[in-house]
Amino acid sequence: MADNKEIKASTEAKRQKKADRRDAKAARKEANKVEEKKSRPNNIVLAAMIFGVLIIMFLFAGGYNYFSKPATIEKFVADNGYDQMYNDIQVSEHTTMKLRAEKNTVKIWFNIDEDAPESELELYKGEDGTKTLKNMGANILTSMKPQTRALSGTVKLKVKQGDESVNYVKMSYSEAKKFLKELQKEAEEDADAADEDTDANADADADTSEADGE
């Protein structure tokens, strides 16, 4: 009986020692956590510091690229020699073109020879002629303006034969972008319509072949 009591007491003592060791280990671990928090910055603060530096770097890079661009379209045109490149260039046998820029306005002149045939004038007249001029002006303005720090832009196109005005178009940057988007949509619709016509013709040919076979 006494032996059983001694064994039981010994087992309890061992369990208590294990429990004491676990408690002591947990206490040391918690103390280490507190000490680590004191000695190093909070994770949120550390993340904010890292991302803050990255954001500043990206802002600096973007700002540098932005401020390295010409301030105006006029400066961009001059820097790239477009005013010299497009100075009375021959567009066709009877028409020359000249391009200039003043601040953020691109000016394009088409000069048609006095003895040009009527067919040459028709290229720039009416709805189709206006559409041609808008297409050219919109493409030029939307390609130049993003290369500058200009907040806005305008393009003006004038067609003349001697002293007589044949056509005139003026577009803002927003109008130019809208026009090109509408032009793209129109082209896609025309392509879809052409595909439908092709399918319809193919179906008609197939029906005809079947009828002939019968």
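Residues numbered from 1 in each chain as written. Predicted model: local features only at pLDDT ≥ 70, side-chain atom pairs only at ≥ 80, totals over all residues. Heavy atoms only, no water.

Mapping Thr95 onto the fold places it in strand S2 (residues 95-102). Once residues within four sequence positions are removed from consideration, Thr95 is found in contact with Ile89, Gln90, Phe110, Asn111, Ile112, Glu120 and Tyr124. (Helix = DSSP H or I, 4+ residues; strand = E, 2+ residues; numbered from the N terminus. Contact = heavy atoms within 4.5 Å.)

Residues Val106, Ile108, Phe110 and Met144 are the most contacted members of the largest nonpolar core, which totals 27 residues. Secondary structure elements with two or more residues in this core: helix H3 (73-79), S2, strand S3 (105-112), helix H6 (126-144), strand S4 (154-161), strand S5 (164-172) and helix H7 (173-213). Ranked by residues supplied to this core, first place goes to H6 with 5 residues. Residues within four places of Met144 in sequence aside, it is in contact with Ile73, Phe76, Val77, Tyr82, Leu99 and Val106. (Core = buried A, V, L, I, M, F, W, Y, C linked by side-chain atoms within 4.5 Å. Buried < 20%, exposed > 50% of the residue type's maximum accessible area, 1.4 Å probe, protein only.)

Let's shift gears to the pattern of salt bridges. Taken as a whole and judged by the stated rule, the model has 5 salt bridges. A salt bridge links Lys107 to Glu102; the nearest nitrogen and oxygen atoms lie 3.1 Å apart. We classify Glu102 as partly exposed; its relative accessible area is 45%. Between Lys125 and Glu118 there is a salt bridge, and its shortest N-O distance comes to 3.3 Å. Exposure remark for Lys125: the relative accessible area of 30% places this residue in the partly exposed category. (Salt bridge = Lys/Arg side-chain N within 4 Å of Asp/Glu carboxyl O.)

Overall, mixed pairing links the 5 strands, which are arranged S1-S2-S3-S4-S5 in an open sheet. Single-partner strands in this sheet number two, and they are strand S1 (89-90) and S5. Pairing of S1 with S2, which is carried by 2 bridges, proceeds in the antiparallel orientation. Considered in S2, the bridge of Gln90 is made with Thr96. Here H6 sits on the sheet in contact with S2, S3, S4 and S5, set at roughly 45° to S5. (Pairing = 2+ DSSP bridges. Axes fitted to C-alpha atoms, helices over the stretch in contact; angles between N-to-C directions.)

Nothing here speaks to function; it is all geometry.
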